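# Inside the fold
Each chain is listed here by its residues.
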Amino acid sequence: MNKVVIGQGLLFGGNANNGTNAGFVYSNVNNAPSNTNTNIGSHLCKNNGLIRPWLLPKNIKNTIMALVVDKDEKEIVLAKKFMKRVNNIYDKIISIDNLKKADKIARKGKIKSREIKIHDQKKGCNYIALFNTLNNESFKNSKYETFKIYEPKEREIFKLPYYPDRILHHSIMNILEGIFYKTYTKNTYGCIKGRGVHMGLNQIKKDLKNNPKETKYCLKFDIKKYYPSVNQEILKNKLRKKIKDKKVLKLLDEIIDSAPKGIPIGNYLSQHFGNIYLNDFDHWLKEKQKIKFYYRYVDDVVILSHSKKELHELLKNIKKYLSAELDLKLKENYQIFPVKSRGIDFLGYVIYHSHVLLRKSIKKSFAKASKKNNKQSLASYYGWAKHCNSKNLLKKLNYDSI
């Protein structure tokens, strides 16, 4: 059974005439689970020990845990909802219908791929073979193909075969994505369905416009070699906080352990693992550090404040948290600066209180595509440009005549 251990604090509940050991909400903490007394009042009471969630009335259980006061009794916080773990989802992941759905999603934009053409020659047999392998729990991750890319920076990319691995990754996320989506903070944008660059941009623009005094200064940082630095055991523990199904956990462990370290750049699942790994960090910043203006895209982070001093103090706490809780370090190029004079270089744009410009590197790429008259690339860059103040840039590139 789940037990939540607390220090001395205030609990809300119990009959007012039951004394200082009165129970949690309408149930007595100090009584055995078999006790059926019905308390109808409530009050604040001291308690040292364990909260027993199985004593809660059905309408309260899994809703509000307690009103807790921290050790120095200066800050009252509402305890989080019970994190109910999901079970019995393995059969949904490995079902033939879900594998077909995953295949359909995974091939988007890649239908001319040689791997997909080979897979399509015996698609039905492949579905059955993959299902059987998963059903008897004998799936083994395929061998990675690795190569390096150098834009925008040098990175080692890991590639898995389309069948069975990439189809499997999509089948896993078809089921898990909705489960984890509910746990993410609203200001997290990278690799989350329904969110993205422009949603993040619009939120920052709105906050800068509506809160100019509270957003005078910016703390901007990213995490040093984020994907390769993810601690695999910490990631597994985080998955176990939300997933109870042992078969699913065994499968996820197999995929995680297949990488020599961290989570491989290029894996579809790695994008989602990256968000899950930093999810507690997001909540810590929003709920414990009380940060109002916070934005994260994968491992790139922007925090806004009225006080430069406050951001310097926060930066110290962030370094401690990342090191102690996640075994991560910040890149040394973190910055704290006034937004007015520098603008916030984030999400491909440079964002000010009054206007937004395209990042210089994207402007250069736009200009190159314009010279080559590459219509497909131009359409993509125009998609970026239309979300910012780009009238002069489009005029300079003679975009109207393209």
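Small disclaimer: the values here were computed from a predicted structure and weren't measured.

## Let's talk about the sheet that holds strand β11 (residues 344-346)
Note: strands within a sheet are paired through backbone hydrogen bonds, in either parallel or antiparallel orientation. The three strands are arranged β11-β12-β13 in an open sheet whose pairing can be described as antiparallel. Strand pairing shows two members of the sheet lacking a second neighbour, β11 and β13 (356-358), which therefore form its edges. Neighbour-to-neighbour, the strand axes of this sheet turn through a mean angle of 25°, independent of strand direction. In this structure, strand β12 (residues 349-351) lies alongside β13, joined through three bridges in antiparallel fashion. Note that in β13 the partner of V350 across the bridge is L357.

## A look at the pattern of salt bridges
According to the stated counting rule, one finds 19 salt bridges in the structure shown. Between D253 and R240 there is a salt bridge; the shortest N-O distance is 2.6 Å. Here R240 lies in helix α8 (residues 232-242) and D253 lies in helix α9 (residues 246-257), a separation of 13 residues in the sequence. Residue class for D253 comes out buried when judged on its relative accessible area of 14%. One salt bridge in this structure joins D345 and R359, with 2.7 Å as the shortest N-O distance. Residue D345 is found in strand β11, and its partner R359 is found in the loop between β13 and α13 (360-372); the two are separated by 14 residues along the sequence. Judged by its relative accessible area of 32%, D345 falls in the partly exposed class. Overall, R359 belongs to the partly exposed group, its relative accessible area being 27%.

## Examining the packing of helix α2 (residues 96-106) against helix α4 (residues 123-135)
The contact between α2 and α4 brings their axes to 10 Å, and the two run at 125°. Overall, the two elements α2 and α4 adopt an arrangement that is oblique. The two elements α2 and α4 cross, and the hand of that crossing is right-handed. For the pair α2 and α4, the contacting residues are I96, L99, K100 and D103 in the first and K123, Y127, I128, L130, F131 and L134 in the second. Counted by class, the contact of α2 with α4 contains seven nonpolar, no polar and three charged residues.

## Thoughts on the environment of K244
Looking at where K244 falls in the secondary structure, it is placed in the loop between α8 and α9. Separated by 157 residues in sequence, K244 and N87 place their C-alpha atoms 5.0 Å apart. Beyond its immediate stretch of four places on either side in the chain, K244 contacts R85, V86, N87 and L249.

## A word on the confidence of the model for the protein chain
Scored by pLDDT, the protein chain has a mean of 83; 78% of the residues are at 70 or more. Counting contacts from residues 1-82, a segment whose pLDDT is below 50, to residues more than four positions away or on other chains yields 138 contacts.

## Details of the side chain of K242
Topologically, K242 is positioned in helix α8. It is D280 that comes nearest to the buried, bridge-free K242 among opposite-charge side chains, at 11 Å. At a separation of 3.2 Å, a polar atom in the side chain of K242 contacts the main-chain carbonyl oxygen of K84.

## Let's talk about the side chain of D103
Structurally, D103 is set in helix α2. A relative accessible area of 1% places D103 in the buried class. In terms of polar contacts, D103 uses its side chain to reach the side chain of Y162, at 2.4 Å. If we ignore the near neighbours within four places in the chain, the residues touching D103 are H119, K123, Y127, Y162 and I167.

Cut-offs and rules
The numbering scheme is per chain: residues are counted from 1 as the chain's sequence reads. Selection of residues for local features in this predicted model requires a pLDDT of at least 70, selection of side-chain atom pairs for listing and counting requires 80 or more, and totals for whole chains, interfaces and linings are taken over all residues. Hydrogens and water are ignored here; the side-chain numbers use all heavy atoms of the structure. Two strands are said to pair when DSSP picks up at least two bridges between them. Strands here are runs of E lasting at least two residues and helices are runs of H or I lasting at least four, both read from the DSSP assignment and numbered beginning at the N terminus. All axes here are fitted lines through C-alpha atoms, helices being fitted over the stretch that makes contact, and every angle between N-to-C directions spans 0 to 180 degrees. By salt bridge we mean one thing: a side-chain nitrogen of Lys or Arg within 4 Å of a carboxyl oxygen of Asp or Glu. Buried residues are those whose accessible area, probed at 1.4 Å on protein chains only, stays under 20% of the maximum for their type, while exposed residues exceed 50% and partly exposed ones sit between those limits. Throughout this description, any angle smaller than 35 degrees is read as roughly parallel, any larger than 145 degrees as roughly antiparallel, any in the 65 to 115 degree range as roughly perpendicular, and the remainder as oblique. Should the near helix be turned anticlockwise from the far one by less than a right angle, the crossing is termed left-handed; should it be turned clockwise, right-handed. Only heavy atoms enter the contact rule, under which two residues are in contact if any of them lie within 4.5 Å. Lys, Arg, Asp and Glu make up the charged group, whereas Ala, Val, Leu, Ile, Met, Phe, Trp, Tyr, Cys and Pro make up the nonpolar group; the residues left over, Gly among them, are polar. Every residue carries a pLDDT, the predictor's confidence in it, which falls somewhere between 0 and 100. Counted charges follow a simple rule, with Lys and Arg positive, Asp and Glu negative, and His plus the chain ends left uncounted. Any pair of nitrogen or oxygen atoms within 3.5 Å is treated as a polar contact; in protein, a donor-acceptor pairing is required on top of that, and neighbouring residues in sequence qualify only through side-chain atoms on both sides.

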